[in-house]
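Here is what each chain is made of, one letter per residue.
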Amino acid sequence: MDTQRVDLLVFLPAVFVFVFVGILFLVAYNRKGSVATVQMSKRRLVVQSPAPPQVVYGWLVQHCPGGYAVEDHDPSRGIVLLSSRPSAFTWGFFYPAVVSADGAGTRVDLGIKSKAFQYGPLVTRAHRKLAGALAGLVQGRVAE
């Protein structure tokens, strides 16, 4: 086999992967979500707070933790859709949060959905990181 053919067999797959990753990054970076299109995921964490639901909802909408953005919200259903941007290791995520009354306090069900596709420990870490930040924001705790 000549060296030009070997070089081509190595070069073309590398170019394909580079272009594919670039396109996925652009898609993830530009993808916008809404409470109508991003559904609650099966993977959920629960944040509990002693504050009333209206106060917790207001905190989530008005004081989103740093590094996250409020994509959309629906006060009638108590849903807030948060998002994170793509990074070197993730495609970014949507985080649907459902705020509901729980006894004298509030329960926030927090889901996670990748903007492209992703599985594994990075998803778990991103999910727990936001849950911890929300628990601090609403003066609550992440339920086990």
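Residues numbered from 1 in each chain as written. Predicted model: local features only at pLDDT ≥ 70, side-chain atom pairs only at ≥ 80, totals over all residues. Heavy atoms only, no water.

A. Main features of the pattern of salt bridges. Taken as a whole, this structure holds two salt bridges when the rule is applied. Where R77 meets D74, a salt bridge forms, and the shortest distance between an N and an O atom there is 3.2 Å. Residue classification places R77 among the partly exposed residues on the basis of a relative accessible area of 46%. Measuring nitrogen to oxygen at the nearest pair gives 3.0 Å for the salt bridge that ties D109 to R107. (Salt bridge = Lys/Arg side-chain N within 4 Å of Asp/Glu carboxyl O. Buried < 20%, exposed > 50% of the residue type's maximum accessible area, 1.4 Å probe, protein only.)

B. Highlighting the pairing of strand β3 (residues 79-84). Among the six residues in β3, six count as buried, and that is most of the element. Neither face of β3 is left uncovered, since the one carrying I79, L81 and S83 and the one carrying V80, L82 and S84 both have all their residues buried. Two strands pair when backbone bridges link them, and strand β2 (residues 68-74) and β3 are joined in this way by six bridges, in the antiparallel orientation. Residue H73 lies in a different strand from β3, and its bridge partner there is V80. Bridging between β3 and strand β4 (residues 93-102) involves five bridges; their strand directions are antiparallel. Bridging from a neighbouring strand, L81 pairs with P96 of β4. (Helix = DSSP H or I, 4+ residues; strand = E, 2+ residues; numbered from the N terminus. Pairing = 2+ DSSP bridges.)

C. The nonpolar core, seen in detail. Counting 23 residues, the largest nonpolar core has V56, L60, Y95, V108, L110 and L130 as the members making the most contacts within it. Elements represented by at least two residues in this core include exactly β1 (44-49), α2 (53-62), β3, β4, β5 (105-111) and α3 (121-137). Among the elements that make up this core, the one with the highest residue count is α3 (six residues). Excluding residues that lie within four positions of it along the chain, L60 makes contacts with V70, V80, L82, V99, V108, L134, L137 and V138. (Core = buried A, V, L, I, M, F, W, Y, C linked by side-chain atoms within 4.5 Å. Contact = heavy atoms within 4.5 Å.)

D. Region of interest: α3. Given a rise of 1.5 Å per residue, 17 residues ought to cover 24 Å, and the 24 Å separating the end C-alpha atoms of α3 matches this to within 8%. Looking at α3, one finds that the buried residues are V123, A126, H127, L130, A131, L134 and A135. (Expected span 1.5 Å × (residues − 1).)

E. Representation of the packing of aromatic side chains. Counting across every chain of the model gives three aromatic pairs. Between F16 and F20 the ring centres are 6.2 Å apart and the planes differ by 15 degrees, which places this aromatic pair in the stacked class. Of this pair, F16 and F20 both sit in helix α1 (residues 3-30), separated by four residues, roughly a single helical turn. Geometry around F94 places K115 over its ring, the cationic atom sitting 5.2 Å from the centre. (Phe/Tyr/Trp six-rings, centres within 6.5 Å; stacked < 30°, edge-to-face > 60°. Lys NZ or Arg CZ within 6 Å of the ring centre and 35° of its normal.)

F. How the structure looks around the layout of surface pockets. If you add up the space inside the largest pocket, you get close to 250 Å³. The wall of the largest pocket is formed by 14 residues, among which Y68, S87, T90, A126 and K129 lie closest to the centre. Elements represented by at least two residues in the lining of the largest pocket include exactly β4 and α3. Of all the elements, α3 adds the most residues to the lining of the largest pocket, at four residues. If you trace the second largest pocket, you find it lined by R43, F93, I112, K113, S114, A116, F117, Q118, Y119, G120 and V123. A class-by-class count of the residues in the lining of the second largest pocket yields six nonpolar, three polar and two charged. (1 Å grid on protein atoms, 1.4 Å probe; cavity = no way out; pocket = protein on both sides within 12 Å on 5 of 7 lines; lining within 4 Å. Points joined across faces, edges and corners; volume = space filled by probe spheres on them. Nonpolar A, V, L, I, M, F, W, Y, C, P; charged D, E, K, R; others polar.)

Any functional reading would require information that these geometric values do not contain.
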